[in-house]
Amino acid sequence: MTTTSAAISQPLDTQAGVELMIRLEEVEKVYRTDRIETVALTNVNLAVRTGEFISIMGPSGSGKSTLLNIIGLLDVPSSGKVVINGRTINSYSDRNLSRVRNEEIGFIFQTFHLINDLSVQDNVEIPLLYRRSMTGGERRRLAQEALDRVGLSSRVHHFPSQLSGGQQQRVAIARAIVGKPRVLLADEPTGNLDSQMGDEIMDLLEGLNEQAGTTIIMVTHDPRQAEKTERIHRLFDGRQVN
Ligand SMILES: Nc1ncnc2c1ncn2[C@@H]1O[C@H](COP(=O)(O)OP(=O)(O)OP(=O)(O)O)[C@@H](O)[C@H]1O
Ligand SMILES: [Mg+2]
C-alpha cells in the first residue's frame with residue numbers, strides 16, 4: 001500500500017462518514033480593551049461539509065464578522081477548537097497559520113478591499129506573491145484564468161476606480177480564487193451592490209461552489225441571498241440560535 005505524505009500530514013475530518021472542511025467546537029471570543037470586555041461569541045459549534053455553501057445571518061454586532069475572521073484564521077478564539085480541513089489549528093505557529101490561510105482560504109469583503117493604484121491584473125496577482133516558487137509568467141497566467149472565470153478578462157489593464165461596483169467585487173472574487181482555495185469566506189459580498197449586481201455576484205458564487213466544489217461561507221443581511229444557500233446559521237448576541 002502506498003501512502004502519500006500529504007495524506008499523513010492532513011487527516012480527513014469526518015462526522016458520521018461525511019467529510020468536514022470546517023469544524024468549530026465551543027468557540028468563545030472575548031475582546032478586551034482598557035476598560036471594557038466584549039463577549040463577541042459564546043459557545044459556537046459549527047460543522048461545514050466539504051463542498052457546502054452556507055450563510056450566516058444575525059443582527060449588527062451579533063458576531064458574524066468575528067466568526068468569519070476566526071474561521072479564516074485572521075483572528076484567534078479566546079477558547080475552543082478550530083479544525084480546518086483536518087488540521088487542528090489552535091497549536092499552529094503564526095507562520096503556519098499564514099501559510100494555511102494563503103493556500104486554503106479566499107476572502108471577499110463588503111467593501112472589496114482592492115488596491116486603487118494597482119491594475120486589475122496586479123490586484124489579482126497579490127495572493128500569489130507569497131508563493132515563492134511561482135514564476136511571474138505563472139502568476140500572470142493564473143490571474144488571467146481567474147479574471148476569465150469572473151468574466152473580466154477584457155479589463156486586466158483597468159484600475160479599480162474605472163470599474164463599476166459589481167465589477168470591482170468580481171475582481172475581488174478573482175483575487176480570492178486565484179490561488180484555488182478550497183474555502184471561500186465572504187463577509188456581506190453583496191452589501192454594497194444593487195440587487196441586480198448582487199444577484200450576479202450570487203450566481204458567480206453558486207457557480208464556484210457547484211463547478212469547483214469550493215466550500216463557501218457567506219455572511220449576509222439579505223434573506224433573499226441567504227435562501228439560495230444550503231443552510232442558514234443564525235447568530236444573536238454572539239450565540240447561535242439554530
Ligand atoms: N477588534 C475588536 N475589539 C473590540 N470589540 C470588537 C472588535 N471587533 C468586534 N468587536 C465587538 O464584537 C461584537 C461583534 O462584532 P462583529 O463585527 O463580529 O459583529 P457583526 O455581526 O459582524 O456586525 P455587522 O453586521 O455590523 O457587521 C460587537 O459588539 C463589536 O463591538
Ligand atoms: Mg460584520
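Here we summarise the structure given alongside this text. Not measured: the values here are computed from a predicted model. (Residues numbered from 1 in each chain as written. Chains lettered and ligands numbered in written order. Predicted model: local features only at pLDDT ≥ 70, side-chain atom pairs only at ≥ 80, totals over all residues.)

1. Some points on the overall build of the protein
Counting its secondary structure elements, the protein contains eight helices and 11 strands. Whereas a compact globule of 242 residues would reach a radius of gyration of roughly 18 Å, the protein reaches 18 Å, a difference of no more than 12%. Taken along the three principal axes of its C-alpha coordinates, the protein extends 50 × 45 × 40 Å. Within the protein, buried positions represent 37% of all 242 residues. (Helix = DSSP H or I, 4+ residues; strand = E, 2+ residues; numbered from the N terminus. Rg over C-alpha atoms; globule rule 2.2 N^0.38 Å. Buried ≥ 20, exposed ≤ 12 C-beta atoms within 10 Å, placed from the backbone.)

2. Overview of helix 5 (residues 136–149)
Taking 1.5 Å as the rise per residue, helix 5 with 14 residues should run 20 Å; its terminal C-alpha atoms sit 20 Å apart, in good agreement. Within the span of helix 5, buried status applies to Arg-139, Leu-142, Ala-143, Ala-146 and Leu-147. One side of helix 5 carries all its buried residues, which in axial view fall inside an arc of 135°. In helix 5, the exposed positions that point more than 90 degrees away from the buried face belong to Gly-137, Glu-138 and Arg-141. Packing partners of the buried residues in helix 5 comprise helix 4 (120–125) and helix 6 (165–177). Trailing helix 5 by a residue or two, Gly-151 shows a phi angle of about 75°, which is positive. (Expected span 1.5 Å × (residues − 1). Arc of directions from axis to C-beta. Contact = placed C-beta atoms within 7 Å.)

3. Considering helix 6
In this model helix 6 runs 18 Å from its N-terminal to its C-terminal C-alpha over 13 residues, within 8% of the 18 Å that 1.5 Å per residue would give. Among the 13 residues of helix 6, 11 are classified as buried, and the element is accordingly described as predominantly covered. Within helix 6, burial applies to Gln-167, Gln-168, Gln-169, Arg-170, Val-171, Ala-172, Ile-173, Ala-174, Arg-175, Ala-176 and Ile-177. Where helix 6 is buried, its residues touch strand 7 (105–109), helix 4, helix 5, strand 8 (183–187) and helix 7 (195–211).

4. Some thoughts on the pairing of strand 3 (residues 37–49)
In this sheet, strand 3 lies alongside strand 2 (residues 18–32) in antiparallel orientation, the contact comprising nine bridges. Of the residues in strand 3, the one forming a bridge with Arg-23 is Ala-47. Counting the residues that bridge the hairpin from strand 2 to strand 3 gives four residues. (Pairing = 2+ DSSP bridges.)

5. Considerations on the sheet that holds strand 11 (residues 239–240)
Here six strands make up an open sheet; going across it, the order is 7-8-9-4-10-11 and the pairing mixed. Only two strands of the sheet have a single partner each, and these edge strands are strand 7 and strand 11. Across four bridges, the pairing between strand 4 (residues 53–57) and strand 10 (residues 231–236) is parallel. Across the sheet, Met-57 pairs through a bridge with Arg-234, a residue of strand 10. Contacting strand 4, strand 8, strand 9 (215–219) and strand 10, helix 2 (residues 64–71) crosses the sheet at an angle of about 155° to strand 9. Packed on one face of the sheet, helix 7 meets strand 4, strand 8 and strand 9 and runs near 155° to strand 9. (Axes fitted to C-alpha atoms, helices over the stretch in contact; angles between N-to-C directions.)

6. Here we look at the site of ligand 1
Neighbouring residues of ligand 1: Tyr-31, Thr-33, Thr-38, Ala-40, Gly-58, Ser-60, Gly-61, Ser-62, Gly-63, Lys-64, Ser-65 and Thr-66. Elements that contribute at least two residues to the shell around ligand 1 include exactly strand 3 and helix 2. Looking at side-chain class alone, the shell around ligand 1 contains two nonpolar, nine polar and one charged residues. (Near = placed C-beta within 6 Å. Nonpolar A, V, L, I, M, F, W, Y, C, P; charged D, E, K, R; others polar.)

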